[in-house]
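Now for the letters of each chain:
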Amino acid sequence: MDRRKFLVSAGLGTMALVSPISLSAVGIATRKTGKTGRLNLHFSPYELQLRHAFNLAKYSRTTTPDVQVRIELDGIVGYGEASMPPYLGESVESVTKFLSSLDLSQFSDPFRIEDIHEYMESVAPDNRAAKASVDIALHDLVGKIMGQPWYKIWGLNPDLAPDTSFTIGIDKADVVRKKVDEAAPYNVLKVKMGLDNDKELVEIIRSKTDRPICVDANQGWDDKERALEMCHWLAERNCLFVEQPMPKEKIDETAWLRERSPLPIVADEFFQRLPDVKRAHGAYDAINIKLMKSTGMHEAYKMVAAARALGMKVMLGCMTETSCGISAAAQLAPMVDWADLDGNLLIANDIFDGAKIVNGKVSVPIDRPGIGAVPLV
Ligand code: MG
């Protein structure tokens, strides 16, 4: 985009139709056009290209819609993003509509994260990924102003982050074997289940490695007896837990399963916002927190505290995201029991440098302030 077109779009306060490839150039222009001493919000759609088709129990896809966000204050830029896998109900259209309806220029203090969340809730309910994109950019901005990464601001020890898992999607046997080879740097694997060949998938992986496996059934097991049989079978094959074994509406059946299962039962599709922690208690052993569900880092931190108070375990997951969203989530990793933060590695067109896999853990750059991600261009 040339400078004249950018000024027009910024001046209208509507969707900034800029290519994310020109993020740094746009940042320079923003400093000259944004309101001084006020938060300036800009955003642009960006389609994530997946390295492998993503085959889940209910659908398959090769791209994920995404919106990149920047919040600028007096020349300092915070980055965030919204990733919208279709099952969550958000889209590029809904996210850009929500972001267009926000007036962040009423705020001059980015440390007022709680106030800004209350304002976003007052503008419209839901829109969780859209709110997360603002939340992540705010945290990045605040961390940069403080000159500190968020794990330090929260007082966390990065050495306590658990191993992160690498997802092996449902696929043909030769593709599954190839994915297991790609997952060599990881100490834990994760498999997607919920189709007729569930056992075959685990057998193929077990023919190549004994590494522990996390299982995600993505609501694929309708029958509680079959789900229980699968839990026993998986427990005998060094599996760690089962994520969302049954449809999210089947709360009583899930509670029945949890009482009998030798493996912990983790809530994912069932679990979205903070009040869901209490709803999940009793039917699930653990919750899967994802920033795109939690409206970002602020509520995710509260979710961990709420789950701990109820004696529940915590998993930290993600969508397919760039290293922007993954780095933001990785700041929380020392607080959780299980991490599944491989979303940036599943895409072919990442535009950030950030969290990396080190000795099987997702590690953020230790002294990089904010969320720890910087644009590659
Ligand atoms: Mg899941």
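Coordinates for the structure precede this section.
What counts, and where the lines are drawn
- Numbering of residues starts from 1 in every chain and runs along the sequence as written.
- pLDDT decides what is reported in this predicted model: residues at 70 or higher carry local features, side-chain atom pairs at 80 or more are listed and counted, and totals for whole chains, interfaces and linings draw on all residues regardless.
- For side-chain calculations, the full set of non-hydrogen atoms in the structure is used, while hydrogens and water are omitted.
- Here a cavity denotes a set of grid points, spaced 1 Å apart and computed over the protein atoms alone, in which a 1.4 Å probe fits but from which it cannot get out, and a pocket denotes an open set meeting protein on both sides within 12 Å along at least five of seven lines; residues with an atom within 4 Å of a point are reported as lining.
- Grid points are joined across faces, edges and corners, and a volume is the space filled by probe spheres set on the points.
- Residues are grouped as follows: Ala, Val, Leu, Ile, Met, Phe, Trp, Tyr, Cys and Pro are nonpolar; Asp, Glu, Lys and Arg are charged; every other residue, Gly included, is polar.
- Boundaries of every domain are those given by an automatic assignment or by a domain database.
- Strand pairing is assigned whenever DSSP detects at least two bridges linking the two strands.
- Runs of H or I in DSSP of at least four residues are treated as helices and runs of E of at least two as strands, each being numbered from the N terminus.
- A contact between two residues is defined here by any heavy atoms of the two lying within 4.5 Å.
- All axes are obtained by fitting lines to C-alpha atoms, using only the stretch in contact for helices, and the reported angles, taken between N-to-C directions, cover 0 to 180 degrees.
- Throughout this description, the term salt bridge denotes a Lys or Arg side-chain nitrogen within 4 Å of a carboxyl oxygen of Asp or Glu.
- Only protein chains enter the accessibility calculation, which uses a 1.4 Å probe; a residue whose area is less than 20% of its type maximum is buried, one above 50% is exposed, and one in between is partly exposed.
- Residues grouped as a nonpolar core are buried Ala, Val, Leu, Ile, Met, Phe, Trp, Tyr and Cys residues, joined through side-chain atoms within 4.5 Å.
- Cysteine sulfur atoms are paired as a disulfide whenever they come within 2.5 Å of each other.
- The definition of a polar contact used here is a pair of N or O atoms within 3.5 Å, where within protein one atom must be able to donate a hydrogen and the other to accept one, and adjacent residues in sequence count solely through side-chain atom pairs.
- Residues enter patches when they are more than 30% accessible in relative terms and free of salt bridges; like-charged ones are connected within 9 Å and nonpolar ones (Val, Leu, Ile, Met, Phe, Trp, Tyr) within 5 Å.
- Accessible areas in this description were obtained via Shrake-Rupley with a 1.4 Å probe; residue shielding takes into account the shown protein chains only.
- Think of it this way: a Phe, Tyr or Trp ring, Trp meaning its six-membered ring, pairs with another when their centres are within 6.5 Å, and the plane angle makes it stacked under 30 degrees, edge-to-face over 60, tilted otherwise.

**Focus: empty space enclosed by the protein**
Phase 1 of the analysis: As enumerated under the stated definition, the model contains two cavities of 30 Å³ or more in all.
Phase 2 of the analysis: The computed volume of the largest cavity comes to approximately 200 Å³.
Phase 3 of the analysis: Contributing to the lining of the largest cavity are 20 residues, with Phe54, Lys192, Lys290, Cys318 and Met319 lying nearest its centre.
Phase 4 of the analysis: Of the residues contributing to the lining of the largest cavity, the split by class is eight nonpolar, three polar and nine charged.
Phase 5 of the analysis: Split by domain, the residues of the lining of the largest cavity number at least three in each of domain 1 (3–149) and domain 2 (152–375).

**Looking at the sheet that holds strand β9 (residues 239–243)**
Phase 1 of the analysis: Reading across from one edge, β6-β7-β8-β9-β10-β11-β12-β13 is the order of the eight strands in this open sheet, with parallel pairing throughout. The open sheet has two edge strands, β6 (165–168) and β13 (338–339), and neither has a second partner.
Phase 2 of the analysis: Relative to strand β8 (residues 213–216), strand β7 (residues 188–192) runs parallel, the two being bridged by four bridges. Note on β8: the bridge partner recorded for Lys192 is Asp216.
Phase 3 of the analysis: Along the sheet, helix α13 (residues 297–309) makes contact with β11 (286–289) and β12 (313–316), crossing β11 at roughly 175 degrees.

**Some points on the pattern of salt bridges**
Phase 1 of the analysis: Under the counting rule described, the total for this entry stands at 24 salt bridges.
Phase 2 of the analysis: In this structure, the salt-bridge partner of Glu121 is Lys131, at a minimum N-O distance of 3.1 Å. Pair noted here: Glu121 is in helix α4 (residues 113–123) and Lys131 is in helix α5 (residues 128–146), with a separation of 10 residues, a long-range link.
Phase 3 of the analysis: Among the ionic pairs, Asp285 bridges to Arg258, the shortest N-O distance being 2.7 Å. Of this pair, Asp285 sits in the loop between α11 (276–280) and β11 while Arg258 sits in helix α10 (residues 251–260), and the two are 27 residues apart along the sequence.
Phase 4 of the analysis: For Asp285, a relative accessible area of 22% corresponds to the partly exposed category.
Phase 5 of the analysis: A relative accessible area of 30% means that Arg258 is categorised as partly exposed.
Phase 6 of the analysis: The network of salt bridges with shared partners includes Lys190, Lys192, Asp216, Glu243 and Asp340.

**Looking at the sheet that holds strand β1 (residues 40–45)**
Phase 1 of the analysis: Reading across the sheet, the three strands line up as β1-β4-β5 and stay open at both edges, with antiparallel pairing between neighbours. Because the sheet does not close on itself, it has two edges, and the strands there are β1 and β5 (76–83). Neighbouring strand axes in the sheet, compared pairwise and without regard to direction, differ in orientation by 20 degrees on average.
Phase 2 of the analysis: Its contacts with the sheet place α5 against β4 (66–73) and β5, and it is angled at close to 155 degrees to β5.

**Some remarks on the nonpolar core**
Phase 1 of the analysis: Counting residues in hydrophobic clusters, the biggest one holds 115 residues, and the most contacted among them are Ile71, Leu99, Leu234 and Ile287.
Phase 2 of the analysis: Broken down by element, the residue count for this core peaks at nine residues, all from α5.
Phase 3 of the analysis: Taken domain by domain, the makeup of this core includes at least three residues from each of domain 1 (3–149) and domain 2 (152–375).
Phase 4 of the analysis: Apart from residues lying up to four places away in sequence, Leu234 is in contact with Met193, Val202, Val215, Trp221, Cys239, Val242 and Leu263.
Phase 5 of the analysis: The next biggest cluster of nonpolar side chains, apart from the first, holds seven residues, and it includes Val188, Cys214, Phe241 and Ala286.

**What about the state of the cysteines?**
Phase 1 of the analysis: Within this structure, the stated rule accounts for zero disulfides.
Phase 2 of the analysis: Between Cys231, a cysteine without a disulfide, and Cys239, which holds the nearest cysteine sulfur, the sulfur-to-sulfur distance is 9.7 Å.

**Describing the environment of Asp276**
Phase 1 of the analysis: Position of Asp276 relative to the elements: it lies in helix α11.
Phase 2 of the analysis: Look at Asp276 and you get buried, because its relative accessible area is 11%.
Phase 3 of the analysis: Distance from Asp276 to Ala307, taken between C-alpha atoms, is 9.9 Å for residues 31 residues apart in sequence.
Phase 4 of the analysis: With sequence-adjacent residues up to four places away left out, Asp276 is seen in contact with Phe270 and Phe271.
Phase 5 of the analysis: Among the polar contacts made by the side chain of Asp276, one reaches the main-chain amide nitrogen of Arg273 at a distance of 2.8 Å.

**What to know about α10**
Phase 1 of the analysis: Among the residues of α10, Thr254, Ala255, Trp256 and Leu257 are the ones counted as buried.
Phase 2 of the analysis: Looking at the packing, one finds that the buried side of α10 touches α9 (224–235) and β10 (265–267).

**Thoughts on a nonpolar patch on the surface**
Phase 1 of the analysis: The grouping of Ile76, Phe111, Ile145 and Met146 at the surface amounts to a nonpolar patch, some 330 Å² of accessible area in total.
Phase 2 of the analysis: Here Ile76 is to be found in strand β5.
Phase 3 of the analysis: We classify Ile76 as partly exposed; its relative accessible area is 32%.

**Here's the deal with the packing of aromatic side chains**
Phase 1 of the analysis: Tallied over the full model, the rule gives seven aromatic pairs.
Phase 2 of the analysis: Seen in terms of ring centroids, Tyr79 and Phe352 are 5.5 Å apart; in terms of plane orientation they differ by 70 degrees. Their pairing is edge-to-face. With Tyr79 in strand β5 and Phe352 in strand β14 (residues 352–353), the pair connects residues that are 273 residues apart, well separated along the chain. A single burial state applies to Tyr79 and to Phe352, both of which are buried.
Phase 3 of the analysis: On the numbers, 5.2 Å between centres and 20 degrees between planes, the contact of Trp154 with Tyr301 is stacked. Of the two residues, Trp154 is situated in the loop between α6 (150–153) and β6 and Tyr301 in helix α13; the sequence distance between them amounts to 147 residues.

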